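Results of the structural survey
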Amino acid sequence: MKVCLLGLENLPVLAQEYSRFYSGGEQVQQTLLAKALRRRGYDVSMVVADYGQRDGETWEGVRTYKAFRFDAGIPVIRFVYPRWVKLWGALRRADAQVYYTSCAGMHVGLLALFCKRYQRGLVFRLASDGDVDPERLMIRYRRDKLLYQYGLRRAHCVLAQHKGQQSRLRSNYGVRSAIAGLLVEAPVKLIHRNQKDIDILWVSNLQPVKRPELLLELARRMPHRRFSMVGGRMIGASALYEHMRQEAASITNLVFHGAVPYRDIGDYFDRARVLVNTSSLEGFPNTYLQSWLRGVPVISFFDPEGLIAREGLGMTVNTLGQMEEAVDKLLEDDSRWQVLSEKVRAYAARHFDENNVVAAYCKAIEGAWHKAKTSDAKK
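How each quantity is defined
Sequence order as written defines the numbering, with residues in each chain counted from 1. In keeping with the predicted nature of the model, local features appear solely for residues at pLDDT of at least 70, side-chain atom pairs appear and are counted solely at 80 or more, and the whole-chain, interface and lining totals rest on all residues. As a convention, hydrogens and water are excluded, and side-chain values are obtained from all of the structure's heavy atoms. Helical segments are the DSSP runs of H or I of at least four residues, strand segments are the runs of E of at least two, and each set is numbered from the N terminus. In this analysis, two residues are considered to be in contact whenever any of their non-hydrogen atoms come within 4.5 Å of each other. We define a nonpolar core as any set of buried Ala, Val, Leu, Ile, Met, Phe, Trp, Tyr and Cys residues linked to one another through side-chain atoms lying within 4.5 Å. Classification of residues uses two cut-offs on accessible area relative to the type maximum, computed with a 1.4 Å probe and protein chains only: under 20% is buried, over 50% is exposed, and between them is partly exposed. For two strands to count as paired, DSSP must find a minimum of two bridges between them. Angles run from 0 to 180 degrees between N-to-C directions of axes, and those axes are lines fitted to C-alpha atoms, restricted for helices to the stretch in contact. Here, a salt bridge means any side-chain nitrogen of Lys or Arg that lies within 4 Å of a carboxyl oxygen of Asp or Glu. In this analysis the probe radius is 1.4 Å and the grid spacing 1 Å, with only protein atoms considered; a cavity is a set of points the probe fits into but cannot get out of, a pocket is an open set with protein on both sides within 12 Å along at least five of seven lines, and lining residues have an atom within 4 Å of a point. Grid points are joined across faces, edges and corners, and a volume is the space filled by probe spheres set on the points. Classification used: nonpolar for Ala, Val, Leu, Ile, Met, Phe, Trp, Tyr, Cys and Pro, charged for Asp, Glu, Lys and Arg, polar for all others including Gly.

1. Some remarks on the environment of leucine 147
With respect to the helices, strands and loops of the structure, leucine 147 is situated in helix α5 (residues 142–154). Sequence-wise, leucine 147 and alanine 180 are 33 residues apart; in three dimensions their C-alpha atoms are separated by 24 Å. In this structure, leucine 147 is in contact with Met106, Val108, Gly109, Leu110 and Leu113, ignoring residues within four places of it in sequence.

Now the structure itself:
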């Protein structure tokens, strides 16, 4: 079966030569899924933005079709022309039976229109708790919100990250969904705790919802601990990035690394003893899985479905003071850290096995194609 993933910013994760460009957690998830599907015999392609690559170029068995440059079109008619035309052109060249996309946005509606026009299957996956909450939906224009709602309600299969998203999606939008977990690449090797030179690691893109300023304040409060901050510049948040970079330079126990390509990010998780998350809104962060597989506990304000607290995979807090106390309490007791480290590693290995995770996506893809064919036959 031919499957195409629509992820305009996926190429920097898939192709090393473009890794200098922005990528985030969902781009990682789509790329890992594409490779996993490829290994299971699917004919996999992607529709990505135009970074200057050749159309139809293939990396690791995944063929890519380019849609448009991000500077194409003008704001007033953004995506309508030429973006809409070029996007549909790339989708047609992919000629897949089922199309997959994720993250709330107008692209969901445009893809739904395409799949309806050409009788193709559509799978959409939620990427954040904000995707199921109209009040926290991170979409600027009303037109784009309407397109997102259109696509959400017309997808043949919708996938949620956890039961909370599933419940809110149904109550807020009247849409049913199935649950599909996250994919994660296992570390090449595990580093002994005595070789770890990062006490507290923070990894996220620098945007207001991630509240990076809290990490800087935590570092100031804990001058005896070694902090590392990894995060790239986001479109529309350049001022925040520059402010964080300049402020970080004045904190002697904090190293600001800026953007780090996905292929290199594992080194930072390997070296860390604790991951902290200061975000006010998430879905299920990739960083949690990357940490747990390496035996790194998570201390966070955000706990998806209470998983951290319920399974003892770190600690959840409500204030910065509580985070400071939790970090110190864990790091000052090496034997306690070691026990927790082994626990989180074992949990991740047991619950995030690729075969089990991918099975839910394969089921959704096959089901979407069946529904699309059934719908076409009734016409």
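2. Observations regarding the nonpolar core
Formed by 134 residues in total, the largest nonpolar core has its most connected members in Tyr148, Trp292 and Ile299. Per element, the largest residue contribution to this core is 9 residues, and it comes from helix α14 (residues 354–377). Beyond its immediate stretch of four places on either side in the chain, isoleucine 299 contacts Val274, Leu275, Val276, Asn277, Met315, Val317, Met323, Ala326, Val327 and Leu330.

3. Details of the sheet that holds strand β5 (residues 98–102)
Sheet architecture is open: 8 strands sit in the order β3-β4-β2-β1-β5-β6-β7-β8, paired in mixed fashion. Single-partner strands in this sheet number two, and they are β3 (58–59) and β8 (178–179). Each of β1 (2–6), β2 (43–48), β4 (62–66), β5 and β6 (121–125) touches helix α2 (residues 25–39); the most contacted strand, β2, lies at about 155° to it.

4. With respect to unusual backbone geometry
A positive phi angle, close to 50°, is found at aspartate 95, a residue other than glycine. Following the sequence through the fold, aspartate 95 ends up in the loop between α3 (83–94) and β5. On the basis of relative accessibility, which here comes to 38%, the residue aspartate 95 falls in the partly exposed class. Here the phi dihedral of glutamine 119 falls at roughly 50°; this positive angle occurs in a residue that is not glycine. Mapped onto the elements of the fold, glutamine 119 is located in the loop between α4 (106–118) and β6.

5. As for the pattern of salt bridges
All told, the structure shown has 25 salt bridges when counted by the stated rule. Notably, a salt bridge pairs arginine 39 with glutamate 354, separated by 2.7 Å at the nearest N-O pair. Of the two residues, arginine 39 is situated in helix α2 and glutamate 354 in helix α14; the sequence distance between them amounts to 315 residues. Residue glutamate 217 pairs with arginine 221 through a salt bridge whose shortest N-O separation is 3.3 Å. Of this pair, glutamate 217 and arginine 221 both sit in helix α7 (residues 212–221), 4 residues apart, which is roughly one turn of the helix. Connected via shared salt-bridge partners are Glu217, Arg220, Arg221, Glu247 and Glu324.

6. Let's talk about the sheet that holds strand β10 (residues 227–230)
The parallel open sheet is built from 6 strands, whose spatial order is β11-β10-β9-β12-β13-β14. Taken across any chain shown, the strands that pair with only one partner, and hence form the sheet edges, are β11 (254–258) and β14 (314–316). Sheet twist, expressed as the mean angle between neighbouring strand axes with direction ignored, is 20°. As paired strands, strand β9 (residues 198–203) and β10 are joined by 4 bridges and run parallel to one another. Each residue of the ladder has a partner; that of leucine 201, found in β10, is serine 228.

7. Section: the layout of surface pockets
By volume, the second largest pocket amounts to about 430 Å³. Lining the second largest pocket we find 18 residues, and of these Gln161, His162, Ile179, Gly181 and Phe284 sit closest to its centre. Secondary-structure elements contributing two or more residues to the lining of the second largest pocket are α11 (307–311), α13 (334–351) and α14. Per-element accounting of the lining of the second largest pocket gives the leading share, 3 residues, to α14. Tallied by class, the residues present in the lining of the second largest pocket amount to 10 nonpolar, 5 polar and 3 charged.

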